[in-house]
Amino acid sequence: MAKEKGFTKKNFLKGIVVENPLFVSILGTCPALATTKTVEAALGMGLLFTVVLICSSVLVSLLRKLISEEIRTPAYIVIIATFVTIVKMMTSAFLPELYSTLGVFISLIVVNCIVLGRAEAYASKNTVFDSFIDALGMGVGYTLAIILMAFFRELIGTGAFSFGKIFTFIPAFKLQIIPVGYEISLFQNPAGAFIVFAIILAVIAFINNRKNELKTNLERQAKIKKQQEAKLKAEQEKAKQVAEGETK
Amino acid sequence: MADKKHYIITSITLGAIAACSAALIGVTNMVTRDKIAQNEQNKITSGINSIFGNDSKIADEAPVDSDYKYVKYVYTVHGDGDQLLGYAFRTSGSNMYGKISLIVGFGEASKDFEGLSIVVNEQTYASTLVDNYINPLNEGKRELEDVSCGATYGAKLVRDMVNEASQVINEMWKD
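Remember, predicted model here, so these are calculated numbers, not experimental data. (Residues numbered from 1 in each chain as written. Chains lettered and ligands numbered in written order. Predicted model: local features only at pLDDT ≥ 70, side-chain atom pairs only at ≥ 80, totals over all residues.)

Undergrad: Go over the overall build of chain B, please, and point to the residues and values.
TA: From N to C terminus, chain B includes three helices and five strands. Listed N to C, the secondary structure of chain B is α-β-β-β-β-β-α-α in terms of helices and strands. By the compact-globule yardstick of 16 Å for 175 residues, chain B is too spread out, its C-alpha radius of gyration being 22 Å. With respect to the three principal axes, the spread of C-alpha positions in chain B is 80 × 40 × 30 Å. Taken across its 175 residues, chain B has 27% of its residues classed as buried. Here the analysis covers contacts within chain B between residues at least 6 apart in sequence; of these, 42% occur between residues at least 24 apart. (Helix = DSSP H or I, 4+ residues; strand = E, 2+ residues; numbered from the N terminus. Rg over C-alpha atoms; globule rule 2.2 N^0.38 Å. Buried ≥ 20, exposed ≤ 12 C-beta atoms within 10 Å, placed from the backbone. Contact = placed C-beta atoms within 7 Å.)

Undergrad: Give me the overall build of chain A: which residues, what numbers.
TA: From N to C terminus, chain A includes nine helices and two strands. Tracing chain A from N to C terminus, the helices and strands come up as α-α-α-α-α-α-α-α-β-β-α. Relative to the compact-globule value of 18 Å for 248 residues, chain A shows a C-alpha radius of gyration of 26 Å, a clear excess of over 25%. Expressed along its principal axes, the backbone C-alpha trace of chain A runs to roughly 100 × 60 × 30 Å.

Undergrad: Lay out the interface of chain A and chain B with the relevant residues and their values.
TA: On the chain B side, the residues contacting the 22 residues of chain A number 20 residues. Residue assignment for the side of chain A that touches chain B shows that the elements contributing at least two residues are helix 4 (72-94) and helix 5 (96-102) of chain A. Here the side of chain A that touches chain B takes twelve residues from helix 4 of chain A, the largest share from any one element. Of the residues assigned to the side of chain A that touches chain B, the class counts are 14 nonpolar, six polar and two charged. (Nonpolar A, V, L, I, M, F, W, Y, C, P; charged D, E, K, R; others polar.)

Undergrad: An account of the packing of helix 3 (residues 39-62) of chain A against helix 7 (residues 113-123) of chain A is requested, with residue identities and associated values reported.
TA: Residue and element names in this part refer to chain A. Remark: helix 3 packs on helix 7, axes separated minimally by 9 Å, with the N-to-C direction vectors making an angle of 30°. Judged by the inter-axis angle, helix 3 sits roughly parallel to helix 7. The element helix 3 and its partner helix 7 pack so that their crossing is right-handed. Within the contact between the two elements, helix 3 uses Val52, Leu53, Ser56, Ser57, Val60 and Ser61 and helix 7 uses Ile114, Val115, Arg118, Ala119 and Ala123. Considering only residue class, the contact of helix 3 with helix 7 consists of seven nonpolar, three polar and one charged. (Axes fitted to C-alpha atoms, helices over the stretch in contact; angles between N-to-C directions. Parallel < 35°, antiparallel > 145°, perpendicular 65-115°, else oblique. Left-handed = near helix turned anticlockwise from the far one by under 90°.)

Undergrad: So what about the environment of isoleucine 156 of chain A? Which residues, and what values?
TA: All names here are of chain A. Turning to its location among the elements, isoleucine 156 is positioned in helix 8 (residues 128-158). Residue classification places isoleucine 156 among the buried positions, given that 20 C-beta atoms sit within 10 Å. Separated by 31 residues in the primary sequence, isoleucine 156 and phenylalanine 187 place their C-alpha atoms 6.5 Å from one another. With residues near it in sequence (within four places) discarded, isoleucine 156 still touches Glu183, Ile184 and Phe187.

Undergrad: For helix 8 of chain A, give the residues involved together with the corresponding values.
TA: For helix 8 of chain A, built from 31 residues, the straight-helix expectation of 45 Å at 1.5 Å per residue is met to within 8% by its first-to-last C-alpha distance of 43 Å. Looking one or two places after helix 8 of chain A, you find glycine 159 of chain A, whose phi comes out positive at around 80°. (Expected span 1.5 Å × (residues − 1).)

Undergrad: Which residues make up the pairing of strand 3 (residues 84-95) of chain B, and what values go with them?
TA: Residue and element names in this part refer to chain B. By the bridge criterion, seven bridges tie strand 2 (residues 71-78) to strand 3 in an arrangement that is antiparallel. Within the sheet, the bridge partner assigned to valine 71 lies in strand 3 and is threonine 91. The antiparallel pairing of strand 2 with strand 3 creates a hairpin that spans five residues between the two strands, and aspartate 82 there sits at a positive phi of about 65°. The loop that links strand 3 with its antiparallel partner strand 4 (residues 98-107) comprises two residues. (Pairing = 2+ DSSP bridges.)

Undergrad: Explain the domain arrangement of chain A to me, and be specific about the residues and the numbers.
TA: Accessible area lost when the parts come together is the quantity often used to give the size of an interface. Residues and elements named next belong to chain A. With domains assigned, chain A is organised as domain 1 (7-186) and domain 2 (189-248). A separation of 40 Å is found between the C-alpha centroids of domain 1 and domain 2. With nine residues of domain 1 in contact, the opposing surface of domain 2 contributes eleven residues. If you tally residues by element for the side of domain 1 that touches domain 2, the top one is helix 8, at five residues. Classifying every residue of the side of domain 1 that touches domain 2 by side-chain character gives six nonpolar, two polar and one charged. (Domains from an automatic or database assignment.)

Undergrad: Tell me about the sheet that holds strand 1 (residues 57-63) of chain B, residues and numbers included.
TA: Residue and element names in this part refer to chain B. With antiparallel pairing, the five strands of this open sheet are ordered in space as 1-2-3-4-5. Here the strands that pair on one side only, and so sit at the sheet edges, are strand 1 and strand 5 (113-121). Across the sheet, the mean angle from the axis of one strand to that of its neighbour is 25°, orientation sign disregarded. Judged from the six bridges that link them, strand 1 and strand 2 form a sheet pairing that is antiparallel. Bridging from a neighbouring strand, lysine 57 pairs with histidine 78 of strand 2.

Undergrad: Any chance you could break down the nonpolar core for me, citing the residues and the numbers?
TA: Residue and element names in this part refer to chain A. Core analysis: the biggest nonpolar cluster contains 51 residues, and Val52 and Ile146 have the highest contact counts within it. Those elements giving two or more residues to this core turn out to be helix 2 (29-34), helix 3, helix 4, helix 5, helix 6 (104-107), helix 7, helix 8 and helix 9 (190-247). If one sorts the elements of this core by residue count, helix 3 sits on top with 13 residues. The residue makeup of this core includes at least three contributed by each of domain 1 (7-186) and domain 2 (189-248). Discounting chain neighbours no more than four positions away, the residues touching isoleucine 146 are Leu22, Ala32, Thr35, Thr36, Ala42, Met45 and Gly46. (Core = buried A, V, L, I, M, F, W, Y, C linked by C-beta atoms within 7 Å.)

Undergrad: Help me get a handle on unusual backbone geometry, residues and values and all.
TA: Backbone phi values are negative for most residues with the exception of glycine, while trans is the configuration of most peptide bonds. One non-glycine residue, isoleucine 26 of chain A, lies in positive phi territory at about 50°. By secondary structure assignment, the location of isoleucine 26 of chain A is in the loop between helix 1 (7-16) and helix 2. Among the residues examined, isoleucine 26 of chain A registers 13 C-beta atoms within 10 Å and is labelled partly exposed. Backbone geometry places lysine 111 of chain B, a non-glycine residue, at a positive phi of 50°.

So this is what it looks like as structure tokens:
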């Protein structure tokens, strides 16, 4: 089947904007609330999540014709759990600070609905390349979403951005934005995560509602204009007929 | 007959996927095993340094009697001039929220608890436990028995580990 022009770009971008797994589908909220204390931790979580999502989607797509209906779910779980275990071992060995910071939430990627959801809904029905692009888009979308949450939580909760504590291969530095003493530590707590998440969802809902309202208004105006034009045309037609009758 | 063939193929497919997964995990384990062990050893050393000071070093390491639930190893800690600074215990335990492994230090001069350091913290409320219980405990701002901190079950586990290590060190000092 021929694909429409720009399909790959659309396939990639849908995970970032229109089908963002966190802000639109509201999936994977548990790690999003727990690992967004700092931008660095959120970036680490996003990267690990993206790696697992891409690897499992590609493999599921590759084996889609071999895996029969009856063993689909156990096979997908085995594939996802394998990649999560590999990622966990690698992180523990080569990024021990990230491993300590994320703790149990690395293992919990296995039960993240987004990974199994994409395997079931997309990778099992599409080609390897399309599945790769879809997983990449979803992974990037999720990473950007949790980084956005972490940005507000770290900024308001600590008044500064710290780097180099988790990714120890970059030099450690701290960027103080809000003067010391004016930070609100509530935003570093779980309650703060819920508040930030709720505010972002409210803003997205407001923007979507405004967009829909504008679209409806434009459609209504176009309809009224069309009706007026039809009415004018009918009147002109009538006047023409009357004029012709008088001439006769 | 067709059904039988289908079920055999399905079983073989699932078995092959599981075998490949096991092989992949095995290879990764072989590659990362030494590095993970080295990281853990570094954490133990830096944990002991954070309790006894940067000059401290492990002079001896010995396993502890298996009768104890949490305490696994005891380290004899010496200072720069080889004087005995104290003892550190490697403790491990878990509850429904995950695993914790700690280094618990006791000073030889003070004959008292010196501090603790985290080696592994896989608790769901990991950061709450560290921020509200372990750090204040090390800074002397919280009592060991005061476990209401937002991660109470984790704090109870830490308290039990420290108490068991206290029991072991008291027996050692008595001898």
